2 protein chains.
Amino acid sequence: MHQLQAAGRAVRAMAEWAKQLAGIKGVMLDISGVLYDSGGEGGGVPIPGSIEAVEKTRLNCGCYSTHAHVDMSTAFAMIKASGLKLRFCTNETQATRGKFVAKLQRLGFNILVNEVTAPAPAACRILKERNLRPHLLVHDDLVPEFDQLDKANPNCVVIGDAADNFSYKNLNEAFRVLIGLENPILISLGRGRYYKETDGLKLDVGVYMKALEYACDVQAEVVGKPAKMFFQSALAEMEVEPQQAIMIGDDIVNDVGGAQQCGMRALQVRTGKYRPCDEQHPEVKADGYVNNLAEAVDIIVKQLHK
Amino acid sequence: MHQLQAAGRAVRAMAEWAKQLAGIKGVMLDISGVLYDSGGEGGGVPIPGSIEAVEKTRLNCGCYSTHAHVDMSTAFAMIKASGLKLRFCTNETQATRGKFVAKLQRLGFNILVNEVTAPAPAACRILKERNLRPHLLVHDDLVPEFDQLDKANPNCVVIGDAADNFSYKNLNEAFRVLIGLENPILISLGRGRYYKETDGLKLDVGVYMKALEYACDVQAEVVGKPAKMFFQSALAEMEVEPQQAIMIGDDIVNDVGGAQQCGMRALQVRTGKYRPCDEQHPEVKADGYVNNLAEAVDIIVKQLHK
């Protein structure tokens, strides 16, 4: 009986957010924890139903599908009917966008580099604009993103999800650069606490950002979610207004909270780093909670075709 | 002319704090950055004048000197005259107290294990009292301090200055223990930001404490300076009241601020991690600033014999 009541409440709750989908023109997807769980030999494992969910969104969007198994005539017919736009918005900084997208394609996802908004290219623009020469504390595979920048005699520190590169030696080196600057500038590619890999939870860049903030008594400038400017540039790339877009992510603070602060609606998926206590988060309440991306896309698409 | 004026101000400022030494019965010394700079092959290098300064304090205190080159009859005569007590109060957690003191003795310091208040023994008492089984993220050389404790199936994390043990893997392991606990307890052996070794500044335990606090959304319990309870136990061991004791340290927040919060007076030495901007710290103002321990002890001893 209790279970039935709970199920009833869940359906009602689901119906509530679905009713508010009117006016949605764009869907923004987080990647890690929503499309796939990263880690392990192949670089990760798709979350069941997510490959198909991306396809389903494409069938309702203006995106040109590159995969042969999608029926193009159906796709174009549905685009005309809905005009839904799709964008991927990730804080992934363990590889260049190119490498990252290639991995996702290998896993079966229909996704292109220019559909992805990621922190490193955004940081590069900022560094160039402000004539900053970065000391990098990032994953080896991300270094090529910064190839065009002068890195001699650094006047700032850029920190990304460096994973095993977060050794005591490397963190100490970044600290010494920062503490030696008259005006210490710390740029962090995200402020996430942790993410889920196939073998468990892993500490994310935000944790080391906090460490350096405390060590040097500075406040980092965050590029990436939940920074407003980051969501805004993803929206601009989608060409939709915040109130016309819905974010789907597994991080209650950085995905859901960040998108909402920007005027978007946001759903939390119960995959990736999701934990049940997220639904009672003291500061952030998602517009809806769904079991996974497949369920979210099902509901959104159904609602659009009503 | 400017230099002369500055020198005049320095002398006046020095005289000010010296005048307020009436009633001092105990001197509490920080070790790293005050007695010596740690690191390098021999484990560190004494700060010029500090070995003699410790001796000089002993000549004015009730401590029995173990070194032959101290003139005992003079010492006892002066003890009767002053009754000054001496205690070492350190956040050192890279080795057991025994190993640490042995190193200081090798460097030439007249110091005994039972004169030293350190965080690890204090933490052990707390863990026992509360039936806590720690997961340790500490320096290998500190592990023996926790030999008597049950560490199977941990229900808390204890973090010390682990230096190179602060690898991504180890920090992630501690994080997973914490995030898996229903009631996550993080005990930190200090909250220092950094310290100075012979080859430069090094990140201290507080930085990694902040990292884990942020990752798990918890607040650490700090054992060690600047915790009030830690200073209080050092005062109890000295058998003097807070207002009768003066702390000498190189850390404006943890030594000076911590001691003052406890009702003690405190001097900052311009050695170790001292930086000129410390003298304009927004929250903490030392009762006096001195070039080094030798100068501090000179002034204290002179004042006592006036």
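Each value, and the rule that gives it
Residues numbered from 1 in each chain as written. Chains lettered and ligands numbered in written order. Predicted model: local features only at pLDDT ≥ 70, side-chain atom pairs only at ≥ 80, totals over all residues. Heavy atoms only, no water. UniProt positions renumbered as here; feature names shortened; annotations may be inferred. Phe/Tyr/Trp six-rings, centres within 6.5 Å; stacked < 30°, edge-to-face > 60°. Helix = DSSP H or I, 4+ residues; strand = E, 2+ residues; numbered from the N terminus. Buried < 20%, exposed > 50% of the residue type's maximum accessible area, 1.4 Å probe, protein only. Core = buried A, V, L, I, M, F, W, Y, C linked by side-chain atoms within 4.5 Å. Contact = heavy atoms within 4.5 Å. Pairing = 2+ DSSP bridges. Axes fitted to C-alpha atoms, helices over the stretch in contact; angles between N-to-C directions. Buried area = accessible area lost by both parts, 1.4 Å probe. Salt bridge = Lys/Arg side-chain N within 4 Å of Asp/Glu carboxyl O. Polar contact = N/O pair within 3.5 Å; in protein donor to acceptor, adjacent residues only side chain to side chain. Nonpolar A, V, L, I, M, F, W, Y, C, P; charged D, E, K, R; others polar. pLDDT = per-residue confidence, 0-100.

Looking up chain A in an unreviewed UniProt entry gives the name Phospholysine phosphohistidine inorganic pyrophosphate phosphatase, with the organism given as Chrysemys picta bellii. Here chain A is described in UniProt, under the heading Sequence similarities (unreviewed entry), as follows: "Belongs to the HAD-like hydrolase superfamily." Looking at the Cofactor (unreviewed entry) heading of the UniProt record, one finds this comment for chain A: "Mg(2+)".

Let's shift gears to the packing of aromatic side chains. A complete count under the given rule lists 8 aromatic pairs over all chains for this structure. With a centroid separation of 6.3 Å and 40° between ring planes, the pair formed by Tyr168(A) and Phe166(B) is classed as tilted. Of the two residues, Tyr168(A) is situated in helix α6 (residues 168-179) and Phe166(B) in the loop between β7 (156-159) and α6 (168-179); the pairing between them involves two chains. For the pair shown, Tyr168(A) and Phe166(B) are each scored as buried. Between Tyr168(A) and Tyr208(B) the ring centres are 6.3 Å apart and the planes differ by 40°, which places this aromatic pair in the tilted class. Remark: Tyr208(B) occurs in helix α7 (residues 205-216) and Tyr168(A) occurs in helix α6; the pair is interchain, linking two chains.

Counting residues in hydrophobic clusters, the biggest one holds 60 residues, and the most contacted among them are Leu171(A), Phe175(A), Tyr208(A), Leu171(B), Phe175(B) and Tyr208(B). Discounting residues that sit within four places of it in the chain, Leu171(A) has contacts with Leu137(A), Phe166(A), Tyr208(A), Ala211(A), Leu212(A), Leu203(B) and Tyr208(B).

Attention now goes to the sheet that holds strand β7 (residues 156-159) of chain A. Residue and element names in this part refer to chain A. Strand order across the open sheet formed by 4 strands is β6-β7-β8-β11, with parallel pairing between neighbours. In the strand order of this sheet, the two ends are held by β6 (134-137) and β11 (221-222), each with one partner. The sheet contact formed by β6 and β7 spans 4 bridges and is parallel. Note that in β7 the partner of His135 across the bridge is Val157. Lying on the sheet, helix α7 (residues 205-216) is in contact with β7, β8 (186-188) and β11; it crosses β8 at an angle near 165°.

Next up on the list: the interface of chain B and chain A. Counting residues at the interface gives 29 residues for chain B, matched by 29 residues for chain A. Surface buried jointly by chain B and chain A totals about 2,800 Å² across both partners, of which 60% is contributed by carbon and sulfur atoms. Sorting the residues of chain B by area buried against chain A places Tyr168(B), Leu203(B) and Tyr214(B) first, and these three jointly supply 32% of that buried surface. Summed over the shared surface of chain B and chain A, the result is 0 salt bridges. Applying the counting criterion to the chain B and chain A interface returns 16 residue pairs in polar contact (both at pLDDT 80 or more). In terms of residue class, the side of chain B that touches chain A is built from 15 nonpolar, 5 polar and 9 charged.

Moving on: the confidence of the model for chain A. Looking at chain A as a whole, its pLDDT mean stands at 87, while 87% of the residues score no less than 70. A low-confidence stretch, residues 64-80 of chain A (pLDDT under 50), is modelled with 27 contacts involving residues beyond four sequence positions or located in other chains.

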